[in-house]
Amino acid sequence: MTTDFSDTYFMRQALLEAQQALAEEEIPIGAVVVLDNKIIGRGHNQTERLRDVTAHAEMLALTAAANHVGNKYLAGATLYVTVEPCVMCAGASYWAQVARVVFGAEELKVGFRRFGHLLHPRTKLLGGVLADECVALMRDFFALKRK
């Protein structure tokens, strides 16, 4: 699967969400859910603010998208996320039956691919979209935390 203009555009929207997380001193991960070339759900990490370990960007974006369409299934939708989803978020995308998952930065420690293929069998995966920008945001965040 190759990257096209819309993948870059929607990943930039996910990066805006990640910037919002950064402004709130959260780990800067952002996500958007797109259906028919329209954003139907947005989210950014809010685990600290909500004191909820499940308040990942993907989970919040998937919930917003499901509320938007009035259905728990998001067939035909694409989840764009700035960092490779964790096992929990990959599982949520499985149950939501999203058509595609597109991520920016690889997550070598806790990314779902480390644990096997956890996406729905029909879900397509594309990684590395705007990876340099996504990696830089994470690197800068953790560099500040270590000071």
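Model, not experiment: these values are computed from the prediction.

**With respect to the pairing of strand S1 (residues 30-35)**
- By the criterion of burial, S1 is predominantly enclosed, with five of the six residues buried.
- Two elements, S1 and strand S2 (residues 38-44), share six bridges in a ladder whose sense is antiparallel. Bridging across to S2, valine 32 finds its partner in arginine 42.

**Digging into the layout of surface pockets**
- Computed from the structure, the largest pocket encloses a volume of approximately 320 Å³.
- Along its surface, the largest pocket is lined by Val83, Ala105, Glu106, Glu107, Leu108, Lys109, Val110, Val135, Met138, Arg139, Phe142 and Arg146.
- Residue composition of the lining of the largest pocket, grouped by class: seven nonpolar, no polar and five charged.
- What the second largest pocket holds in volume is close to 200 Å³.
- As for the second largest pocket, its lining consists of 13 residues, of which Ile29, Asn45, His56, Cys86 and Val110 are closest to the centre.
- Along the lines of polarity and charge, the residues of the lining of the second largest pocket split into seven nonpolar, three polar and three charged.

**With respect to the packing of aromatic side chains**
- Within this structure, the stated rule accounts for four aromatic pairs.
- Aromatic pair tyrosine 9 and phenylalanine 10: ring centres 5.1 Å apart, planes at 75°, arrangement edge-to-face.
- The class of tyrosine 9 is partly exposed, set by a relative accessible area of 41%.
- Taken together, a centroid distance of 4.9 Å and an interplanar angle of 80° make the contact between phenylalanine 141 and phenylalanine 142 edge-to-face.
- Three or more aromatic residues joined by ring pairs form one cluster here, namely Tyr9, Phe10 and Tyr80.

**Considerations on the environment of proline 85**
- In this structure, proline 85 sits in the loop between strand S3 (78-83) and helix H4 (87-96).
- Given a relative accessible area of 1%, proline 85 falls into the buried group.
- Between the C-alpha atoms of proline 85 and isoleucine 29, which are 56 residues apart in sequence, the distance is 9.8 Å.
- With residues up to four places along the chain from it excluded, the contact list for proline 85 reads Glu58, Ala90, Val101, Phe103, Val110, Gly111 and Phe112.

**Thoughts on the sheet that holds strand S4 (residues 100-105)**
- The sheet built from five strands is open, its strands ordered S2-S1-S3-S4-S5 with mixed pairing. On the outer flanks of this sheet lie S2 and strand S5 (124-126), each paired with one strand and no other. Between one strand axis and the next, the sheet turns through 15° on average, direction left out of account.
- Sheet strands touched by helix H3 (residues 57-69): S1, S2 and S3. Its angle to S2, the strand with the most contacts, is close to 145°.

**Observations concerning the packing of helix H1 (residues 5-23) against helix H5 (residues 131-146)**
- Where H1 meets H5, the closest approach of the two axes is 11 Å, and the angle between their N-to-C directions is 5°. It follows that H1 is roughly parallel to H5 by the angle criterion. Taking contact as the criterion, the partners of Met11, Arg12, Leu15, Ala18, Gln19 and Leu22 in H1 are, on H5, Glu133, Cys134, Leu137 and Phe141.
- In terms of residue class, the contact of H1 with H5 is built from seven nonpolar, one polar and two charged.

**A few points about the UniProt feature "domain: CMP/dCMP-type deaminase" (unreviewed entry) in the protein**
- Mapped onto this numbering, the UniProt entry gives "domain: CMP/dCMP-type deaminase" (unreviewed entry) at residues 5-115.
- In this annotation, residues 5-115 is assigned 41% helix and 23% strand; the end-to-end C-alpha distance for the span is 30 Å.

Reading the values: the criteria
- Residues numbered from 1 in each chain as written.
- Predicted model: local features only at pLDDT ≥ 70, side-chain atom pairs only at ≥ 80, totals over all residues.
- Heavy atoms only, no water.
- Buried < 20%, exposed > 50% of the residue type's maximum accessible area, 1.4 Å probe, protein only.
- Helix = DSSP H or I, 4+ residues; strand = E, 2+ residues; numbered from the N terminus.
- Pairing = 2+ DSSP bridges.
- 1 Å grid on protein atoms, 1.4 Å probe; cavity = no way out; pocket = protein on both sides within 12 Å on 5 of 7 lines; lining within 4 Å.
- Points joined across faces, edges and corners; volume = space filled by probe spheres on them.
- Nonpolar A, V, L, I, M, F, W, Y, C, P; charged D, E, K, R; others polar.
- Phe/Tyr/Trp six-rings, centres within 6.5 Å; stacked < 30°, edge-to-face > 60°.
- Contact = heavy atoms within 4.5 Å.
- Axes fitted to C-alpha atoms, helices over the stretch in contact; angles between N-to-C directions.
- Parallel < 35°, antiparallel > 145°, perpendicular 65-115°, else oblique.
- UniProt positions renumbered as here; feature names shortened; annotations may be inferred.

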